Amino acid sequence: MEKTVNQKAWFLVLPVLLLVAFSAVIPLMTVVNYSVQDTFGNNQFFWAGLEWFKEMLESERMWDALGRQLMFSGIILAIEIPLGIFVALNMPKGGFWASLCLVLMSLPLLIPWNVVGTIWQIFGRVDIGLLGYTLDALGVNYNYTQDTVAAWITIVVMDVWHWTSLVALLAYAGLKSIPDAYYQAAKIDQASRWKVFRFIELPKMMGVLMIAILLRFMDSFMIYTEPFVVTGGGPGNATTLLSIDLVKMALGQFDLGPAAAFSLMYFLVILLISWVFYTVMVNLDKREG
Amino acid sequence: MAKITLDNLAHSYLPNPASEDDFALKELNHDWEDGAAYALLGSSGCGKSTLLNIISGLLHPSQGRILFDGKDVTGAPTAERNIAQVFQFPVVYDTMTVHDNLAFPLRNRGRDEAYVAERVQEIARMIGMEDMLRKKARGLTADAKQKISLGRGMVRKDVNALLFDEPLTVIDPHMKWELRTQLKKLHHDFGHTMIYVTHDQTEALTFADKVVVMYDGRVVQIGTPEELFERPEHTFVGYFIGSPGMNVIPAKIDGNKAYINGSFVELSQGYKPLDGKVEIGVRPEFARLSQSEGLPVKVRRVEDVGRHKIIRAEFFGTDINIIAGEDDRISADMNRVTFDAAHVNVYANDWRVQGSAA
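Please read these numbers as outputs of a predicted model, since none were measured by experiment. (Residues numbered from 1 in each chain as written. Chains lettered and ligands numbered in written order. Predicted model: local features only at pLDDT ≥ 70, side-chain atom pairs only at ≥ 80, totals over all residues.)

## Section: the domain arrangement of chain B
Then, in step 1: Domain parsing of chain B yields domain 1 (4-240) and domain 2 (247-357).
Then, in step 2: Within the side of domain 1 of chain B that touches domain 2 of chain B, the residues separate by chemical class into two nonpolar, three polar and two charged. (Domains from an automatic or database assignment. Nonpolar A, V, L, I, M, F, W, Y, C, P; charged D, E, K, R; others polar.)

Here it is in structure tokens:
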């Protein structure tokens, strides 16, 4: 077929271009602007070049935060993805109970972030929280305000509680799309439960799982509110994740230049990891085809 | 391979079926002969797939028994029945190669790799996919995938029967013919018992030695394609098989004459007085348009479909079809129709009545 070339068609892209410019590009540019300047107050700015970026790259504080952040995302992915799949596999396939499950599982997703944080902050308190008090009474040394391990367990469990449903719902949608004939064929072929999962369910879920992993990675990498409400980044800096550190720097210490440089690098890291992840998954998919 | 016996079999999807209408599959006794090719023909929702799923063990019947070579397998799970089934939509294991797909049922049964490899080669040759064994199943065309699911069924030597549930639905028209031919050849060469479910009469008639026609949960006729054509036992068979289907005309029967609105048609046999809804059935192939003989008919339309002409006409208030040869001339004054007496069947309440020699 002959393709019609009409350069005027570019005008059709213009509204989107303007929208994206005002919503993303221009705000981002103000951050870029701060990242290359220094100020001594009085609204006076001086050109600083890449000084802040250099400083940030050499800053142990940022590398530590990045390490914690990677560990956090790694742990919650390693728990939420398999757990979500497991939950989806064991959900009723239809009828009243399936609907009930779906509604109950959607509930955590509807709770605002700082409410989730507050719930767990209170839940875990040794003096009045159900969880903290019970553990303490059982003789377990649990105190998330003083103990690093306890703090980490609390924020990880909180995230698992909040977001496993999302993975489960996505996986469930993937499972529901498998026609009955596949299960019947597997029965005829005498496939074991594991093989049904490995060769029918998992391949059919791959698409939605990719989305689930990507969403959970991006979200967890940007997490701020919940751990901040529960631990405030402590004890010490033990749960100071990247965004918590960034807010401390930008609003607490008002180091606009370094914070802007930090923001940009933070953004680039997320972009890079997501892109690498996406490319790898898509290529895997192609190679199998 | 085995003879499959259905003994008083019936199935309802309701937990407590009250009347006969509640049964998706009404009571049925039938032997599927070992090594024969059957087609199960009927319109959608007539119980074909229900019957097939009962045979393969995916569904447990509400009543009755299924026997494989005299052995009761009604309660046996699918895996123990050694049944192969090809579904409407091709089922292949996407992430595996063609080879692994074919090997899957054998490996699941713990056969050793040497045997598996040999058997897969053999099957690949049978279905003509030897050069594709290393390919992933995902990227293949629908017909290749259907061949794989067929091959997966045949790879087991102990397979009792091959079941096909409208396997050509998603196949391109030109490949349909080729696959059907290949199936017939496989049946001829290896003699598996095959049961082929379809709602396409051409598929059924070309594939099967015997066609089982189902209507509203009931088997209405089992016979060779010729029998179904010449002596439909039920008006549904007459109507469903043939293109166009049999003409069914309300009539009164008296001895060897059928009266239609006062005029009569000769029958080749004599009949006792009949009760209920009485009709005669004549295939369009056995009706002939003429100028002078027979009963009046009002011709509405003549369709030339290439090999023959179909005449759509009105006959005492009933629509009928008449088939005329490709070269027959149809003129405006041809407004009478005659029926070939030997091929006029008589139906009472939709079931064919056997007459006695007149």
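## Here's the deal with the environment of Phe45 of chain A
Residues and elements named next belong to chain A.
Then, in step 1: The residue Phe45 is located in strand S2 (residues 45-47) in this model.
Then, in step 2: Put simply, Phe45 and Tyr34 are 11 residues apart on the chain and 8.9 Å apart in space, counted from C-alpha to C-alpha.
Then, in step 3: The contacts of Phe45, once residues within four sequence positions are left out, are Gln37, Asp38 and Thr39. (Helix = DSSP H or I, 4+ residues; strand = E, 2+ residues; numbered from the N terminus. Contact = placed C-beta atoms within 7 Å.)

## A word on the interface of chain A and chain B
Then, in step 1: Chain A puts 16 residues into the contact, and the matching count from chain B is 23 residues.
Then, in step 2: Of all the elements in the fold, those that place two or more residues in the side of chain A that touches chain B are helix H8 (180-188) and helix H9 (193-221) of chain A.
Then, in step 3: Broken down by class, the residue content of the side of chain A that touches chain B amounts to nine nonpolar, three polar and four charged.

## Some remarks on the sheet that holds strand S18 (residues 308-315) of chain B
Remark on secondary structure: sheet strands pair via backbone hydrogen bonds, oriented parallel or antiparallel.
All names here are of chain B.
Then, in step 1: One open sheet holds the three strands; their spatial order is S17-S18-S19, and the pairing between them is antiparallel. The open sheet has two edge strands, strand S17 (298-304) and strand S19 (318-325), and neither has a second partner. Taking the axes of each pair of neighbouring strands and ignoring which way they run, one obtains an average angle of 25 degrees across the sheet.
Then, in step 2: As paired elements, S18 and S19 share eight bridges and run antiparallel to each other. Considered in S19, the bridge of Lys309 is made with Ala324. (Pairing = 2+ DSSP bridges. Axes fitted to C-alpha atoms, helices over the stretch in contact; angles between N-to-C directions.)

## A word on the UniProt feature "transmembrane region" (unreviewed entry) in chain A
Then, in step 1: Here, the residues flagged by UniProt with the feature "transmembrane region" (unreviewed entry) are residues 12-36, 70-89, 96-123, 149-175, 196-218 and 264-284 of chain A.
Then, in step 2: For the annotated span residues 196-218 of chain A, helix accounts for 100% and strand for 0% of the residues, and the straight-line distance between the end C-alpha atoms is 31 Å. (UniProt positions renumbered as here; feature names shortened; annotations may be inferred.)

## Topic: the environment of Val302 of chain B
Residue and element names in this part refer to chain B.
Then, in step 1: One can find Val302 in strand S17.
Then, in step 2: For Val302, a count of 14 C-beta atoms within 10 Å translates into the label partly exposed.
Then, in step 3: Along the backbone, Val302 and Arg312 are 10 residues apart, and their C-alpha atoms lie at a distance of 6.2 Å.
Then, in step 4: Each residue touching Val302, except ones within four places of it in the same chain, is listed here: Lys309, Ile311 and Ile330. (Buried ≥ 20, exposed ≤ 12 C-beta atoms within 10 Å, placed from the backbone.)

## What about the packing of helix H3 (residues 98-108) of chain B against helix H5 (residues 142-154) of chain B?
All names here are of chain B.
Then, in step 1: Two elements in contact, H3 and H5, have axes separated by 7 Å at closest approach and are oriented at 35 degrees. Considering how the two elements wind past one another, H3 and H5 form a crossing that is right-handed. Each of Val98, Asn101, Leu102, Phe104 and Pro105 in H3 lies in contact with H5, whose residues at this interface are Ile148, Gly151 and Arg152.
Then, in step 2: Residues belonging to the contact of H3 with H5 are distributed by class as follows: five nonpolar, two polar and one charged. (Left-handed = near helix turned anticlockwise from the far one by under 90°.)

## A look at the pairing of strand S8 (residues 194-198) of chain B
All names here are of chain B.
Then, in step 1: The buried fraction of S8 is high, at five of five residues.
Then, in step 2: In S8, alternate side chains face the same way, and those of Met194, Tyr196 and Thr198 on one face and Ile195 and Val197 on the other are all buried.
Then, in step 3: The sheet contact formed by strand S3 (residues 37-41) and S8 spans five bridges and is parallel. From the neighbouring strand, Ala37 faces S8, where its bridge partner is Met194.
Then, in step 4: Both strand S7 (residues 161-165) and S8 contribute to a ladder of four bridges, which runs parallel. The residue of S8 that forms the bridge with Asp165 is Val197.
Then, in step 5: Remark: the S7/helix H6 (residues 173-190)/S8 crossover connection has right-handed handedness. (Right-handed = clockwise from strand over helix to strand, strands pointing away.)

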